[in-house]
Amino acid sequence: MTADASPPWSRPADGREPAAAALLSWLGDPHAPGLAVITGAEGSGKSRLLAWLIGHGTRPGTVGERRVHGFVPLPGQTATTAAWMLGEQLSIAARSPGDLLAALAADPRRTVIALPELHSAEQPGPLVELVLSLASLEHLRVLVEVRSGTEWERALTAGPCARMDLDEPRWTDEARRASWAAAHPAGPEPVAGRDPEPEEPFDLDDPASVCAADPWSVTTAYERSEESHGGLRAAWLRAGASLTREQPAAERALVLLAALGDAGDPRLPAVLGALARDASWTLVWHRVRGDVNPPWPGPVRSLAAGTGPLAGQLVAADHQGTVRVLDADSARSTGRLPHSAPGVRATAEHGDGTVSVLDEHGLLHTQRATESSRPRGLAALLDDGPSEQSRLLDAVREYTRRQQETFTALTGAGDRVVLGDAAGTVHVVAAGAEPRTRALHRGPVTAVAGTALPVSAAGDTVVLLYTGGADGTVRAWAPHTDPMPEPVAARGCAVNAVAVATTGAGLALAIAWADGLVEHRLLDDDRLRTFHPGSQANALAFTADGDLVVGTDEALVRMRGR
């Protein structure tokens, strides 16, 4: 039995077989430059040739070396909007061209990107810079179309590239061109003077207007504008990768509200809240970059909901490893841990005021939060030794010291600590018991979360774990039994974070995917809510009330499902 052959490719139009063969050769040659530039005069057939390649290269079943992974027609586009479009196609949460470049640089898989008609872009200059930066990555191939004789063609071809000028005779087979022309007679000329459908006008100062208008036109208008528009411009450009998605105006208003800073027009939150009344979420509070009252807590890389002495609070770690304790009702800072842990991957709160932080090297750092206190006076004299949690943390330290694999994920689960490692194995450690391990993922475990699930009227519980991986799956495992054979969820991108809690509506699971999607699943009845913050969600947590807190590099948001 043989594998199905890849779908056949048709011949290109207008006798362009020599040009098509050269493009396919460029795609298949590992030593070819990363940039190919198709140029020529207006009407030379550049766009038609590129459309032929994109049409075939994006079909299911296309062989790897001919595969086109992303393409953006550039007329009217800016570098920012092109990055948003490519990010959506490549499952990357790219808020800016820099985000796109960083994500692609970190992913070693071969990626081919096609960019037609750069000369007609809204901002050709920044797009040339983006193209050259993309092409500098060894595992990327970038194919761009630009009209000959322009400054953009000269900038693109100044360095190493494969240049194809379709005005040169060598790129056309004249016999096949004549055959094609005979088989495809030219149609009637378009009617002169026929204008395109007029675009509905919109007001950049009016939230209702921009939420109902074409989002790409709104984006271009905000990029052209030098005014703040009451804070709407900054909010729109902060969350534009989400706002430009196809969605109802109410959902767009919710995303815009979640990205709105406190320096803007104070009337806007109420207006956007009213516009978002039919959205799937209610925004309880939000704090974005630049907020001062209360201050934005910084980029959020990890979250944990506090219990015990930290009940009603959130433990949030930023990009520098600073761990803050925040009031869950307002996001106001109530303190911070005394020592930072640079390169933080995850945090775990243990119910007695201690917090563990897992760093990028897989090392654990455990500290006591400043809000909790050790026994003093008579209580200290009567203290009969290490607490249960102290014994647990001692067991975890001893266990991690003996392991060879690097730990990549962490959570606390009552009287246990759960770790994930770079090989895809999940480890459950408890004091006085044999650790339990299970290989659940192919590649690194990127997130773990657990909850105590009631199993009897007497109050008995079992620990239920949900784990996410770089393999794009979320799996469920109760350590006293075998894991579920099939993933709870699976998509074509990595899992950034998971959170699970027993809420008033039942067991709730939240998943943050690397492409920017946040899912909220009520597992008892399969209800699903989604949220796209406009940038990658790094961390999730459930409050005691069952609200979902989402942390990104730009914002911290608390939401309640309707």
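Residues numbered from 1 in each chain as written. Predicted model: local features only at pLDDT ≥ 70, side-chain atom pairs only at ≥ 80, totals over all residues. Heavy atoms only, no water.

A. Local environment of the sheet that holds strand β23 (residues 506-513). Read from one edge to the other, the open sheet built from four strands follows the order β22-β23-β24-β25, with strand pairing classed as antiparallel. A single partner strand is all that each edge strand has here, and the edge strands are β22 (495-503) and β25 (527-531). In this sheet, neighbouring strand axes are inclined to one another by 15° on average, regardless of whether the strands run parallel or antiparallel. Note that strand β24 (residues 518-522) and β25 share five bridges and pair antiparallel. Within β25, the residue paired with L522 across the bridge is R527. (Pairing = 2+ DSSP bridges. Helix = DSSP H or I, 4+ residues; strand = E, 2+ residues; numbered from the N terminus. Axes fitted to C-alpha atoms, helices over the stretch in contact; angles between N-to-C directions.)

B. Looking closely at the packing of helix α4 (residues 97-106) against helix α5 (residues 124-135). The contact between α4 and α5 brings their axes to 10 Å, and the two run at 10°. Viewed along their axes, α4 and α5 adopt a mutual orientation that is roughly parallel. Between α4 and α5, the residues in contact are P97, L100, L101 and L104 and L130, S133 and L134, respectively. When its residues are assigned to classes, the contact of α4 with α5 shows six nonpolar, one polar and no charged. (Parallel < 35°, antiparallel > 145°, perpendicular 65-115°, else oblique. Contact = heavy atoms within 4.5 Å. Nonpolar A, V, L, I, M, F, W, Y, C, P; charged D, E, K, R; others polar.)

C. Structural context of the pattern of salt bridges. Scanning the model with the defined rule gives 27 salt bridges in all. Across the pair R11 and E17 runs a salt bridge, and its minimum N-O distance is 3.6 Å. We note a salt bridge from E398 to R402, for which the minimum N-O separation is 3.7 Å. Taken together, the residues E398 and R402, both in helix α14 (residues 388-402) and four residues apart, mark about one turn of the helix. Salt bridges linked by common partners bring D329, D545, D547, R558 and R560 together as one network. (Salt bridge = Lys/Arg side-chain N within 4 Å of Asp/Glu carboxyl O.)

D. Structural view of the nonpolar core. Ranked by size, the top nonpolar core spans 47 residues in total, and within it L256, L540 and L548 carry the most contacts. With seven residues, the top contributor of residues to this core is helix α11 (residues 249-258). Beyond its immediate chain neighbours, meaning those up to four positions away, L548 contacts W281, A510, V518, H520, L540, A541, F542, V557, R558 and M559. Formed by 31 residues, the second largest nonpolar core is a distinct cluster that contains L35, L74, A121 and V146. (Core = buried A, V, L, I, M, F, W, Y, C linked by side-chain atoms within 4.5 Å. Buried < 20%, exposed > 50% of the residue type's maximum accessible area, 1.4 Å probe, protein only.)

E. Up close: the side chain of T503. Note that T503 resides in strand β22. Among the polar contacts made by the side chain of T503, one reaches the main-chain carbonyl oxygen of G506 at a distance of 2.7 Å. Those residues in contact with T503 that sit more than four places away from it in its chain are A508, L522 and G546. (Polar contact = N/O pair within 3.5 Å; in protein donor to acceptor, adjacent residues only side chain to side chain.)

F. Seen up close, the packing of aromatic side chains. Tallied over the entire structure, the rule returns three aromatic pairs. Considering the side-chain rings of Y222 and W236, the 5.9 Å spacing of their centres and the 45° angle between planes classify their relative orientation as tilted. Taken together, the residues span a long stretch of sequence, with Y222 in helix α9 (residues 215-224) and W236 in helix α10 (residues 232-243) at a distance of 14 residues. Across the pair, W236 and Y222 agree in class, each one buried. Over the aromatic face of W9 sits the side chain of R66, whose NZ or CZ is 5.2 Å from the ring centroid. Sitting over the ring of W513, R491 keeps its end group 5.2 Å from the ring centre. (Phe/Tyr/Trp six-rings, centres within 6.5 Å; stacked < 30°, edge-to-face > 60°. Lys NZ or Arg CZ within 6 Å of the ring centre and 35° of its normal.)

G. Representation of a negative patch on the surface in the model. The grouping of D203, D205, E226 and E227 at the surface amounts to a negative patch. Checked against the element boundaries, D205 lands in the loop between α7 (174-183) and α8 (207-212). For D205, a relative accessible area of 45% gives the class partly exposed. (Patch = residues over 30% accessible without salt bridge, like charges linked within 9 Å, V, L, I, M, F, W, Y side chains within 5 Å. Areas by Shrake-Rupley, 256 points an atom, 1.4 Å probe, with all protein chains shown as cover. Lys, Arg positive; Asp, Glu negative; His and termini not counted. Charge placed at Lys NZ, Arg CZ, Asp CG, Glu CD.)

H. Up close: the packing of helix α3 (residues 79-89) against α9. For the pair α3 and α9, the least separation of the axes is 10 Å and the interaxial angle reads 145°. Residues T80, T81, W84 and M85 of α3 lie in contact with α9, whose contacting residues are W216, T219 and E223. When the residues that make up the contact of α3 with α9 are grouped by side-chain class, the tally is three nonpolar, three polar and one charged.

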